[in-house]
Amino acid sequence: MCHFTQRSSTFSFPKICNIFWRFHHTSTYRLCSCSKTISDEKYQDPFQLGRKDLKNLYEDIKKELLVSAAELKEMCDYYFDGKGKAFRPMIVVLMARACNIHHNNSKEVQASQRSVAIIAEMIHTASLVHDDVIDDANSRRGKRTLNQIWGERKAVLAGDFILSAASVALARIGNTTIISVLTQVIEDLVRGEFLQLGSKENENERFAHYLEKTFKKTASLIANSCKAVSILGCPDPKVHEIAYQYGKNVGIAFQLIDDVLDFTSCADHLGKPTAADLKLGLATGPVLFACRQFPEMNAMIMRRFSKPGDVERARKYVLQSDGVQQTTYLAQRYCHAATREIRKLRPSPEREALVHLTEMVLMRDK
């Protein structure tokens, strides 16, 4: 239907918006039952399978952040409290096992592969800290943000410190290819933030802009972390590409669902304010799809919902349109692409867990 599995940010996205618009207005919308996609295979819980390799994950991260300054230590420990689901590290260790089994039937995760999982979580958390400063956010994961408690300046420094510790851990792996792959993530995060600060007047360019930003800010970390562990576990470039494409597609789907939840979930359940993106002036997938049915939203998008009442009106238009359903359907297409990629590997419990993970991404409610 569309080229969802092209490399990096080279997308044929200007066509996607038109294709999905025509599809949804020439046929009845139907979201396939994701729970049936692996009904004939043994159920594999990703979190159960990944638990062994993620044991003491946050304790190991804190060892990387060993620092004498009490206040900085308290700030670094704030988000590494062990209460998160460790979604990204879990994908990384499952991918490591799946690639190792595919290559030589090895069922163990190498120390260097587990280090990639730790580094991925550190980079992700540092990016959250910096994002909260940029967005002047006041809540994250159901509690106050670092910038609200310690102030913007100290929060920026804490994010920098976490990122620097991740860089030291990365250098310790001692593989220049892995260093190159994972430093690409940091570059993409910065470029993605700049993309988010800009906007496009043309509708198709706007959608492509949104999806490229989504890749750089969210999916690049998962894609390149998966690629890194595949390189460490298997010499076959085809396997590296499979790992990368799986991570990319899952990462984009994850963010698309996150953008849907910004309109459909309550603040207490989500752990952060709803309609947060609109308040920041951001036009995400549901808004861009809704704009096709309510062209008056174009002016609001261009002024970044800055006039009084814009946020409320835009949210109303989105909920009256099929923007949420179309964005969910697009996420489903990315998950299907991820499943097609990972099924190219040799069968294993970890491979099936990664398949099931795509369903969990679509069905999550926070």
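Just so it is clear, the structure is predicted and the values come from calculations on it, not from any experiment.

1. Things to note about the overall build of the protein chain
Stage number 1. Scanning the protein chain for helices and strands turns up 18 helices and two strands.
Stage number 2. Within the protein chain, the fraction of its 366 residues that count as buried is 56%.
Stage number 3. Partitioning the intrachain contacts of the protein chain with sequence separation of at least 6 by distance along the chain shows that 75% fall at a separation of at least 24.
Stage number 4. Total accessible area on the protein chain stands at roughly 16000 Å², and carbon and sulfur atoms take up 52% of it.

2. Side note on the layout of surface pockets
Stage number 1. Of the pockets and cavities examined, the second largest pocket occupies roughly 230 Å³.
Stage number 2. Along its surface, the second largest pocket is lined by 14 residues, and S127, H130, L189, V190 and E193 are the ones closest to its centre.
Stage number 3. Put simply, the parts of the chain that give the lining of the second largest pocket at least two residues each are α6 (111-135) and α9 (176-197).
Stage number 4. Taken together, the residues of the lining of the second largest pocket break down into nine nonpolar, two polar and three charged.

3. Regarding α6
Stage number 1. Taking 1.5 Å as the rise per residue, α6 with 25 residues should run 36 Å; its terminal C-alpha atoms sit 36 Å apart, in good agreement.
Stage number 2. Most of α6 sits out of view: 20 of its 25 residues are buried.
Stage number 3. Note on α6: the residue one or two positions beyond its end, D136, has a positive phi of about 55°.

4. Some remarks on the packing of α9 against helix α10 (residues 203-233)
Stage number 1. Two numbers describe how α9 lies on α10: the axes approach to 8 Å, and their chain directions differ by 170°. In terms of their interaxial angle, α9 and α10 are classed as roughly antiparallel.
Stage number 2. Its residues assigned to classes, the contact of α9 with α10 shows eleven nonpolar, eight polar and eight charged.

5. Notes on the side chain of D277
Stage number 1. With respect to the secondary-structure elements, D277 resides in helix α13 (residues 276-279).
Stage number 2. If we ignore the near neighbours within four places in the chain, the residues touching D277 are D259, D262, L282 and T284.

6. So, the environment of L288
Stage number 1. Mapped onto the elements of the fold, L288 is located in helix α14 (residues 285-293).
Stage number 2. C-alpha of L288 to C-alpha of N204: the two residues are 84 residues apart in sequence and 9.6 Å apart in space.
Stage number 3. Among residues more than four places away in sequence, those in contact with L288 are R206, F207, Y210, A283 and I301.

7. Focus: a nonpolar patch on the surface
Stage number 1. Together, V190, F194 and L197 line one region of the surface with nonpolar side chains, adding up to about 340 Å² of accessible area.
Stage number 2. With respect to the helices and strands, the residue V190 is situated in helix α9.

8. Quick notes on the environment of A126
Stage number 1. When you line up the elements, A126 lands in helix α6.
Stage number 2. Considering only alpha carbons, one finds A126 and A166, 40 residues apart in sequence, at a separation of 9.3 Å.

9. Describing the environment of L54
Stage number 1. Mapping L54 onto the fold places it in helix α2 (residues 46-54).
Stage number 2. The exposure class assigned to L54 is buried, which follows from its relative accessible area of 15%.

10. Quick word on unusual backbone geometry
Stage number 1. Phi at N56 takes a positive value of approximately 65°, unusual for a residue other than glycine.
Stage number 2. Looking at the secondary structure, you find N56 in the loop between α2 and α3 (57-64).
Stage number 3. For N56, a relative accessible area of 41% translates into the label partly exposed.
Stage number 4. Its identity is not glycine, yet D136 carries a phi of approximately 55°, on the positive side.
Stage number 5. Within the element layout of this structure, D136 appears in the loop between α6 and β1 (139-140).

11. Observations regarding the confidence of the model for the protein chain
Stage number 1. Predicted confidence across the protein chain gives a mean pLDDT of 86, with 86% of residues reaching 70 or more.
Stage number 2. Low pLDDT, under 50, characterises residues 1-41; the stretch is placed with 94 contacts to residues that sit more than four places away or in other chains.

12. Side note on empty space enclosed by the protein
Stage number 1. Tallied over the entire structure, the rule returns two cavities of 30 Å³ or more.
Stage number 2. Size it by volume and the largest cavity reaches roughly 180 Å³.
Stage number 3. What lines the largest cavity is a set of 15 residues, among which G198, S199, H209, L282 and A283 lie closest to the centre.
Stage number 4. Of all the secondary structure elements, the ones that give two or more residues to the lining of the largest cavity are α9 and α10.
Stage number 5. A per-class count over the lining of the largest cavity returns six nonpolar, five polar and four charged.

13. A closer look at the packing of aromatic side chains
Stage number 1. A full pass over the atoms with the stated rule returns seven aromatic pairs.
Stage number 2. Taken together, a centroid distance of 5.4 Å and an interplanar angle of 50° make the contact between Y78 and Y79 tilted. Note on accessibility: Y78 and Y79 belong to one class, buried.
Stage number 3. Summarising the aromatic geometry, the rings of F294 and Y317 are spaced 4.7 Å apart at their centres and angled 25° between planes, so their arrangement reads as stacked. Of this pair, F294 sits in the loop between α14 and α15 (297-302) while Y317 sits in helix α16 (residues 310-320), and the two are 23 residues apart along the sequence. In this pair, the class of F294 matches that of Y317, namely buried.
Stage number 4. Through successive ring pairs, a cluster of aromatic residues spans Y78, Y79 and W150.
Stage number 5. For the cation-ring pair, R88 lies above F254, with the distance from its terminal atom to the ring centre recorded as 5.3 Å.
Stage number 6. Directly above the aromatic system of Y78 lies the positively charged group of K143, at a separation of 4.2 Å from the ring centroid.

Analysis parameters
- Within any chain, residue numbers begin from 1 and follow the written order of that chain's sequence.
- Reporting in this predicted model follows two pLDDT cut-offs: at least 70 for local features of residues, and 80 or more for side-chain atom pairs to be given and counted; totals over whole chains, interfaces and linings ignore these cut-offs and use all residues.
- To get the side-chain values, take all heavy atoms of the structure and skip hydrogens and water.
- Helix and strand assignments come from DSSP, with helices taken as H or I runs of at least 4 residues and strands as E runs of at least 2, each series counted from the N terminus.
- Burial here depends on accessible area, computed with a 1.4 Å probe over protein chains only, as a share of the maximum for the residue type. Under 20% is buried, over 50% is exposed, and the range in between is partly exposed.
- We call two residues in contact whenever any of their non-hydrogen atoms come within 4.5 Å of each other.
- Surface accessibility in these figures is a Shrake-Rupley result with a 1.4 Å probe; residues are shielded only by whichever protein chains are displayed.
- Grid points spaced at 1 Å and placed over the protein atoms alone form the basis of the search, with a cavity being a set where a 1.4 Å probe fits but cannot get out and a pocket an open set showing protein on both sides within 12 Å along at least five of seven lines. Lining residues have an atom within 4 Å of a point.
- Grid points are joined across faces, edges and corners, and a volume is the space filled by probe spheres set on the points.
- Gly counts as polar in this scheme, as do all residues outside two lists: the nonpolar Ala, Val, Leu, Ile, Met, Phe, Trp, Tyr, Cys and Pro, and the charged Asp, Glu, Lys and Arg.
- Multiply 1.5 Å by the residue count of a helix minus one, and that product is the helix's expected span.
- Note on geometry: axes are C-alpha line fits, over the in-contact stretch for helices, and angles between N-to-C directions span 0 to 180 degrees.
- Here the angle decides the label: under 35 degrees means roughly parallel, over 145 means roughly antiparallel, 65 to 115 means roughly perpendicular, and every other value means oblique.
- Only residues whose relative accessible area exceeds 30% and that form no salt bridge enter a patch; like-charged residues are grouped when within 9 Å of one another, and nonpolar side chains (Val, Leu, Ile, Met, Phe, Trp, Tyr) when within 5 Å.
- A pairing counts as a salt bridge when a side-chain nitrogen of Lys or Arg comes within 4 Å of a carboxyl oxygen of Asp or Glu.
- pLDDT is a residue-level measure of predictor confidence that goes from 0 to 100.
- In this analysis, rings of Phe, Tyr and Trp, with Trp reduced to its six-membered ring, are considered paired at centre separations within 6.5 Å, and the interplanar angle assigns stacked below 30 degrees, edge-to-face beyond 60, and tilted for intermediate values.
- Should the NZ of a Lys or the CZ of an Arg lie within 6 Å of a ring centre and within 35 degrees of the ring normal, that charge is described as sitting over the ring.

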